[in-house]
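# Structural features, examined
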Amino acid sequence: MTKTLLILGGTAEAGELARRVTATHGETLRVITSLAGRSEAAESQSNCIPGEVRIGGFGGPQGLGTYLKQQKVDWLIDATHPFAATISRNVRLACETQDVERIIFDRPAWRKQPGDQWAELPDMIAMVESLPWVERRVFLTVGASNLEAFARLRRPGQPKSWFLVRLISPPKRPLPLGTKGKDYEVVLGRGPFSLDEERALIRHHRINILVAKMSGGEATEAKIIAAREAKIPVFFLSRPLPESGLRLGRMEDVLAWLDVRT
Ligand code: NAP
């Protein structure tokens, strides 16, 4: 009987995993990739993923459990983003209930190198309070829903701050960072970004602080390398606590895990 693998995606790594698995096991294994479908880019992203693609939430752990049962899922690989904590928790709960074997494909965090000026903070308030007391030109790469705390930098008595905000899709409402054009600019883009692109953004906008999630992985690493080259400090938002379960950090190990089961 054909076995079914469900990959929880939304990352470059999940797309690559689907490509590798369908190339080697596509004849004998049904491979489904699930995307949240939050961004307008999800549709075009889904066209590049081989195998079956489903888009949209499941309706919490119960909904996911029902889906696992209906689709007769044998194995699940959670290849979601390290900051997508809700879906990873739902996945663990649903797999426990339905007795589906699960692993987490967990990209390693970036490693600090000598000379790097890095700080890692648990939340955005702590981050904002740790920023250096200089005139700031901040490159914000943490998404649109994490920016409220930066409004504090616009209070009287603070050094002047200007922001370059990178988002996947245009914001639905004005950002809490002052006046667009004067106090902040938005640049749209979805990774991977090249090192040359990141160098050019930092140079052109005279960025002196980079703010990023500790996402790890290669797709968005170029900005970290560009910041290192430009000798500018990087302030990271720490990853949420990971779910328990087997975690594999290398694609080859994930494929080997699957090989022994198929
Ligand atoms: P989240 O907070 O953990 O999940 C929120 C809800 O979105 C989940 O409860 C689930 O809805 C749905 N969902 C999330 N991922 C899904 C998937 N792969 N397939 C089906 N439903 C999914 O997630 P998030 O942080 O908003 O991220 C959304 C997606 O974007 C994730 O798949 C993640 O891999 C990707 N992503 C996230 C980040 C980030 O920084 N958070 C960065 C890059 C990519 P139901 O409860 O209805 O099932």
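Residues numbered from 1 in each chain as written. Predicted model: local features only at pLDDT ≥ 70, side-chain atom pairs only at ≥ 80, totals over all residues. Heavy atoms only, no water.

## So, the site of the ligand
- Around the ligand sit 23 residues, and of these S34, R38, F58, G59 and K213 come closest.
- In this structure, G9 approaches the ligand through a main-chain N or O atom, which is 2.9 Å from an oxygen atom.
- H81 places a main-chain nitrogen or oxygen 3.0 Å from an oxygen atom of the ligand.
- Notes on the ligand: free accessible area 810 Å², of which the protein chains cover 77%.
- Class assignment of the residues belonging to the shell around the ligand gives a composition of eight nonpolar, 12 polar and three charged. (Near = heavy atom within 4 Å. Polar contact = N/O pair within 3.5 Å; in protein donor to acceptor, adjacent residues only side chain to side chain. Areas by Shrake-Rupley, 256 points an atom, 1.4 Å probe, with all protein chains shown as cover. Nonpolar A, V, L, I, M, F, W, Y, C, P; charged D, E, K, R; others polar.)

## Quick look at the domain arrangement of the protein
- Segmentation of the protein into domains returns domain 1 (3–108 + 241–261) and domain 2 (118–237).
- Taken together, the contacts link 12 residues of domain 1 with 11 residues of domain 2.
- Regarding the contact of domain 1 and domain 2, the summed buried area is about 780 Å², with carbon and sulfur atoms giving 56% of it.
- There are zero salt bridges connecting domain 1 and domain 2.
- Our count for the contact surface shared by domain 1 and domain 2 stands at two residue pairs in polar contact (both at pLDDT 80 or more).
- Split into classes, the residues belonging to the side of domain 1 that touches domain 2 amount to five nonpolar, four polar and three charged. (Domains from an automatic or database assignment. Contact = heavy atoms within 4.5 Å. Buried area = accessible area lost by both parts, 1.4 Å probe. Salt bridge = Lys/Arg side-chain N within 4 Å of Asp/Glu carboxyl O.)

## Regarding the sheet that holds strand β2 (residues 29–35)
- Reading across from one edge, β3-β2-β1-β4-β5-β12 is the order of the six strands in this open sheet, with parallel pairing throughout. Because the sheet does not close on itself, it has two edges, and the strands there are β3 (52–55) and β12 (247–248).
- Alignment of strand β1 (residues 3–8) against β2, held across six bridges, turns out to be parallel. Its bridge partner lying in β2, K3 is registered against L29.
- Lying on the sheet, helix α4 (residues 85–98) is in contact with β1, β4 (75–78) and β5 (101–105); it crosses β4 at an angle near 160°. (Pairing = 2+ DSSP bridges. Helix = DSSP H or I, 4+ residues; strand = E, 2+ residues; numbered from the N terminus. Axes fitted to C-alpha atoms, helices over the stretch in contact; angles between N-to-C directions.)

## Side note on the environment of K72
- Take K72: it is sitting in the loop between α3 (60–70) and β4.
- You can call K72 exposed: its relative accessible area is 57%.
- When the C-alpha positions of K72 and L6 are compared, they lie 9.9 Å apart, and in sequence the two are 66 residues distant. (Buried < 20%, exposed > 50% of the residue type's maximum accessible area, 1.4 Å probe, protein only.)

## Quick look at the nonpolar core
- Among the nonpolar cores identified, the biggest contains 24 residues, and L140, F150, F163, V165, L177 and V211 are the most heavily contacted of them.
- Those elements that place two or more of their residues in this core are α5 (124–130), β7 (136–141), β8 (161–167), β10 (209–213) and β11 (234–237).
- Excluding anything up to four places from it in sequence, L177 contacts L140, L147, F150, R154, F163, V165, D183 and Y184.
- V21, I77, M251 and L255 belong to the second largest nonpolar core, which has 21 residues in total. (Core = buried A, V, L, I, M, F, W, Y, C linked by side-chain atoms within 4.5 Å.)

## Considerations on the pattern of salt bridges
- Counting across every chain of the model gives 18 salt bridges.
- The closest approach of N and O atoms between R199 and D196, which form a salt bridge, is 2.8 Å. Highlighted residues: R199 and D196, both in helix α6 (residues 195–204), separated by three residues, approximately one helical turn.
- The class for D196 is exposed, based on a relative accessible area of 54%.
- With a shortest N-O distance of 3.1 Å, D253 and R250 are connected by a salt bridge.
- On the basis of relative accessible area, D253 is assigned to the partly exposed category, the value being 31%.

## Observations regarding the packing of helix α1 (residues 12–25) against helix α8 (residues 251–259)
- The contact between α1 and α8 brings their axes to 11 Å, and the two run at 40°. Between α1 and α8, the interaxial angle falls into the category oblique. The hand of the α1/α8 crossing is right-handed. Between α1, through E13, E16, L17, R20, V21 and H25, and α8, the contact on the second element is made entirely by M251, E252, V254, L255, L258 and D259.
- Partitioned by chemical class, the residues of the contact of α1 with α8 number six nonpolar, one polar and five charged. (Parallel < 35°, antiparallel > 145°, perpendicular 65-115°, else oblique. Left-handed = near helix turned anticlockwise from the far one by under 90°.)

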